[in-house]
Amino acid sequence: MATPQRVLTKSAVLGAALVLAGLTTTSAEAQDVAAAAPAYVNLAPMETAPVYAQPTSSSTRFNSVARGTTLRIQCSTTKTPSGERWFRIYDSKPTSWVWSGHFMSLVHPPKECFPG
């Protein structure tokens with residue numbers, strides 16, 4: 001016959017195993033979601049959009065993109081001095097940024113450039 005202490009010990013071990021399994025599943029699902037995110041999204045500015053070296057308008061201005069020109073946007077960030085959302089242009093050398101205010105408002109902005 002099992003003693004109360006032994007039953008509690010087995011219950012604790014089983015509970016810990018279930019929690020660990022749940023955490024592992026959650027972590028794996030999060031990795032699947034991150035892996036499933038597209039490399040870029042296509043967006044076109046509603047007006048001429050200046051392209052900058054950093055996500056701030058006080059940085060070096062490279063050029064401008066004409067209204068309606070499709071850009072491949074890799075990610076977005078609000079971790080800027082102004083707190084405004086900026087888009088990083090996919091596969092640009094050197095890295096280039098454009099302010100999100102030149103685009104239609106998005107329900108789901110591109111993935112975060114600097115998560116965490």
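Cut-offs and rules
Residues numbered from 1 in each chain as written. Predicted model: local features only at pLDDT ≥ 70, side-chain atom pairs only at ≥ 80, totals over all residues. Heavy atoms only, no water. Disulfide = S-S within 2.5 Å. Helix = DSSP H or I, 4+ residues; strand = E, 2+ residues; numbered from the N terminus. Buried < 20%, exposed > 50% of the residue type's maximum accessible area, 1.4 Å probe, protein only. pLDDT = per-residue confidence, 0-100. Contact = heavy atoms within 4.5 Å. Core = buried A, V, L, I, M, F, W, Y, C linked by side-chain atoms within 4.5 Å.

(A) The state of the cysteines, seen in detail. For the structure shown, the criterion picks out 1 disulfide. One disulfide bridge connects cysteine 75 with cysteine 113, the sulfur atoms lying 1.9 Å from each other. Between cysteine 75 and cysteine 113, the S-S torsion sits near 100 degrees, and that sign places the bridge as right-handed. On the criterion of sequence distance, the pair formed by cysteine 75 in strand β4 (residues 71–77) and cysteine 113 in the segment after β6 (97–99) is long-range, its members being 38 residues apart. Residue cysteine 113 is classed as buried on the basis of its relative accessible area, which comes to 13%.

(B) Looking closely at the confidence of the model for the chain. Looking at the chain as a whole, its pLDDT mean stands at 81, while 68% of the residues score no less than 70. Across residues 16–21, confidence stays below pLDDT 50; counting only partners more than four residues off in sequence or on other chains, it has 0 contacts. Below a pLDDT of 50 lies the segment residues 23–27, which in the model reaches 0 contacts outside its immediate sequence neighbourhood of four places, other chains included.

(C) Structural detail: the environment of tyrosine 52. Topologically, tyrosine 52 is positioned in strand β2 (residues 49–52). Overall, the relative accessible area of 11% leaves tyrosine 52 in the buried class. Along the chain, tyrosine 52 and asparagine 63 lie 11 residues apart, while their C-alpha atoms are 7.5 Å from each other. Those residues in contact with tyrosine 52, other than ones at most four positions away along the chain, are Ser57, Ser59, Thr60, Arg61, Phe62, Trp86, Thr95, Ser96 and Trp97.

(D) Representation of the nonpolar core in the model. Of all hydrophobic cores here, the largest spans 10 residues; its members are Leu43, Ala49, Val51, Val65, Leu71, Ile73, Phe87, Ile89, Val98 and Phe103. Excluding its chain neighbours within four sequence positions, the residues that come into contact with isoleucine 73 are Ala39, Tyr40, Val41, Leu43, Phe87, Arg88, Tyr90, Val98 and Pro110. Tyr52, Cys75, Trp97 and Cys113 belong to the second-largest nonpolar core, a separate cluster that totals 5 residues.

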